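Examination of the molecular architecture
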Amino acid sequence: TGTCILIGAPLACGQRDPGCVMGPAAYRVAGLAAALADLGHRVEDRGDVTPPPVSATTCTNPAVRELGATLAWTEALAQTAQTAMPQGVPIFLGGDHALSLGSVAGVAAHAAAVGRPLFLLWLDAHTDFHTLTTTTSGNLHGTPVAYAAGLPGFAPFPPFPAPIPAENICLFGIRSVDPAEQAALHAHAIQPVDMRALDEQGVSAPLRAFLARVAAAGGLLHVSLDVDFLDPAIAPAVGTTVPGGATFREAHLVMELLHESGLVTSLDLVELNPFLDEKGRSARLMVDLVASLMGRKVF
Ligand code: LYS
């Protein structure tokens, strides 16, 4: 047990639906702090990060939306993440996945400062491997993995502090990849653990293999959990549902293995849109998954 630092990040600039601004409130209403406290953790809720002032900004791709707002959030969240890292396990309550442009950047700056390698586990239906240049939707929530990997094509974003090597990135639960992402992933030698791999091997073997590498390297591990990692039948509260996602038990097993590893040092919870939920069931499931990740056991 240690300190869990809850950081609300009500941003919705990474996609087209404003509902994600209610995400942090939904996690609080669903009892996240109490669930963590029940497990013996010290919980510090730092409230919501205030949306930073936006300055007019442009880039070469006219499809890109909300560039200025996303840039402002990225800088604010990177700062917040870097400050929180030495103090406990920061848990970012999103907010859409553009959140991770900032959270992962701050965590990477911390990792570089303490001289430890950073590993990234991306639990998601999508690979989020677009750059500002390749995105056709213009939704910047589809870009944070490429940013973290240090791909070019992110001006006017600050250069990613310490790009994460391809072999330290695990994209897990993948079932929707755009053609430009596919090409970039190949070029970068990133092989996603897609749903087909999980169908054949289950979640345990591929995840244990990744965790063994994190442990062997003495790495920090950032986990980014998108609601759409889960099957839409159990977690409807997300704008980008893709059928065929992780089941209830697969998701809990992932969390239980992560807990057992003792390796997780920071966490994002992203893309929850409470307006799309059914009586809070997706928010509650996300809270239960965090509880599993932080030590709740059946027996
Ligand atoms: N790849 C799609 C896009 O760039 C979907 C991204 C979904 C991110 N949560 O728009």
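Preceding this section is the structure that the text describes.
In this report, the structure presented in the accompanying data block is examined. (Residues numbered from 1 in each chain as written. Predicted model: local features only at pLDDT ≥ 70, side-chain atom pairs only at ≥ 80, totals over all residues. Heavy atoms only, no water.)

**Things to note about the overall build of the protein**
Applied cut-off: Every helix listed is a DSSP run of H or I at least four residues long, and every strand listed is a run of E at least two residues long, numbered separately from the N terminus. Remark: exposure states derive from per-residue accessible area (1.4 Å probe, protein chains only) relative to the maximum for the residue type, with buried under 20%, exposed over 50%, and partly exposed in between. In this description, contact between two residues means that some pair of their heavy atoms is separated by no more than 4.5 Å. Note on areas: Shrake-Rupley, 1.4 Å probe, and residue coverage restricted to the protein chains presented here. Positive: Lys, Arg. Negative: Asp, Glu. His and the chain ends are not part of the count. Charged side chains are reduced to one point each, which is NZ for Lys, CZ for Arg, CG for Asp and CD for Glu.
When you go through the protein residue by residue, the secondary structure sums to 10 helices and 8 strands. Burial statistics for the protein: of 299 residues in total, 57% are counted as buried. In the protein, once contacts between residues fewer than 6 apart in sequence are set aside, the share between residues at least 24 apart is 76%. Of the roughly 11600 Å² of accessible surface on the protein, 57% is carried by carbon and sulfur atoms. Charged side chains of the protein number 16 positive and 27 negative; the gap between the two group centres comes to 6 Å.

**Looking at the pairing of strand β7 (residues 220–226)**
Test applied: Pairing between two strands requires that DSSP report at least two bridges joining them.
Summarising burial for β7: 7 of the 7 residues are buried, a large majority. Of the strand pairs in this sheet, strand β4 (residues 118–123) and β7 are connected by 6 bridges, and their pairing is parallel. Bridge pairing in β7 places W122 opposite S224. Of the pairings in the sheet, the one linking β7 to strand β8 (residues 264–270) comprises 6 bridges and is parallel in character. Each residue of the ladder has a partner; that of H222, found in β8, is S266.

**A word on the site of the ligand**
Formally: When at least one non-hydrogen atom of a residue lies within 4 Å of a molecule or strand, that residue is treated as near it. For the purposes of these results, a polar contact is taken to be a pair of N or O atoms within 3.5 Å, where, inside protein, one atom must be able to donate a hydrogen and its partner to accept one; residues adjacent in sequence count only when each atom of the pair is a side-chain atom.
What surrounds the ligand is the set H126, D128, H130, S137, H141, D178, E181, D226 and E271. Within the side chain of S137, one N or O atom sits 2.6 Å away from an oxygen atom of the ligand. Notes on the ligand: free accessible area 310 Å², of which the protein chains cover 90%.

**Topic: the packing of helix α3 (residues 67–84) against helix α4 (residues 99–114)**
What counts is decided by this rule: An axis is simply a line fitted to the C-alpha atoms; with a helix, the fit covers only the stretch in contact. Between two such axes, the angle follows the N-to-C directions and lies from 0 to 180 degrees. By definition, turning the near helix anticlockwise from the far helix through less than a right angle yields a left-handed crossing, and turning it clockwise yields a right-handed one. Residue classes follow a fixed rule: Ala, Val, Leu, Ile, Met, Phe, Trp, Tyr, Cys and Pro count as nonpolar, while Asp, Glu, Lys and Arg count as charged, and any other residue, Gly among them, counts as polar.
Taken N-terminus to C-terminus, the directions of α3 and α4 make an angle of 35 degrees; their axes are 7 Å apart at the nearest point. Handedness of the crossing formed by α3 with α4: right-handed. On α4, the residues touching T70, T74, L77, A78, A81 and Q82 of α3 are L99, L101, G102, S103, A105, G106, V107, A109 and H110. Taken together, the residues of the contact of α3 with α4 break down into 8 nonpolar, 7 polar and no charged.

**Some remarks on the environment of L207**
By the element assignment, L207 lies in helix α8 (residues 204–217). C-alpha of L207 to C-alpha of L121: the two residues are 86 residues apart in sequence and 9.3 Å apart in space. Once you skip the residues sitting within four places of it in the chain, L207 turns out to touch L121, F172, V254, L257 and L258.

**A short note on the packing of aromatic side chains**
For clarity, the threshold we go by: Pairing of aromatic side chains requires ring centres within 6.5 Å, counting the rings of Phe and Tyr and the six-membered ring of Trp. Pairs whose planes differ by under 30 degrees are stacked, by over 60 edge-to-face, and all others tilted.
Evaluation of the coordinates by the stated rule reveals 6 aromatic pairs. Ring centres of Y147 and F160 lie 5.1 Å apart, and the angle between their planes is 85 degrees; on these two criteria the pair is classed as edge-to-face. Highlighted residues: Y147 in helix α5 (residues 144–148) and F160 in the loop between α5 and β5 (169–174), separated in sequence by 13 residues. A relative accessible area of 3% places Y147 in the buried class. Members of the aromatic cluster, joined through ring pairs, are Y147, F154, F157 and F160.

**Description of the pairing of strand β1 (residues 3–9)**
Taken residue by residue, a regular strand's side chains alternate between the two faces of the sheet. With respect to burial, β1 is a largely interior element, 7 of its 7 residues being buried. Of the two faces of β1, the one lined by T3, I5, I7 and A9 and the one lined by C4, L6 and G8 are each fully buried. Pairing of β1 with strand β3 (residues 89–94) involves 6 bridges; the strand directions are parallel. Among the inter-strand pairings, L6 is bridged to a residue of β3, identified as I91.

**Details of the side chain of Q15**
Inspection of the secondary structure puts Q15 in the loop between β1 and α1 (23–29). Among the polar contacts listed, one links the side chain of Q15 to the backbone oxygen of A12, at a separation of 3.1 Å. With sequence-adjacent residues up to four places away left out, Q15 is seen in contact with C20, R65, D96, N139, H141 and E271.

**Digging into the pattern of salt bridges**
Side chains carrying opposite charge are able to pair once their charged atoms draw close together. For clarity, the cut-off: Here a salt bridge means any side-chain nitrogen of Lys or Arg lying within 4 Å of a carboxyl oxygen belonging to Asp or Glu.
For the coordinates displayed, the defined rule picks out 8 salt bridges. Among the salt bridges present, the one from D48 reaches R28, with a minimum N-O distance of 2.9 Å. One end of the pair, D48, is in strand β2 (residues 42–48); the other, R28, is in helix α1, and 20 residues separate them in sequence. Of the residues examined, R28 reaches a relative accessible area of 29% and is grouped as partly exposed. Residue E44 is joined to R42 by a salt bridge in which the shortest nitrogen-to-oxygen separation is 3.1 Å. Overall, the relative accessible area of 52% leaves R42 in the exposed class. Among the charged side chains, a network of salt bridges with common partners joins R28, D45 and D48.

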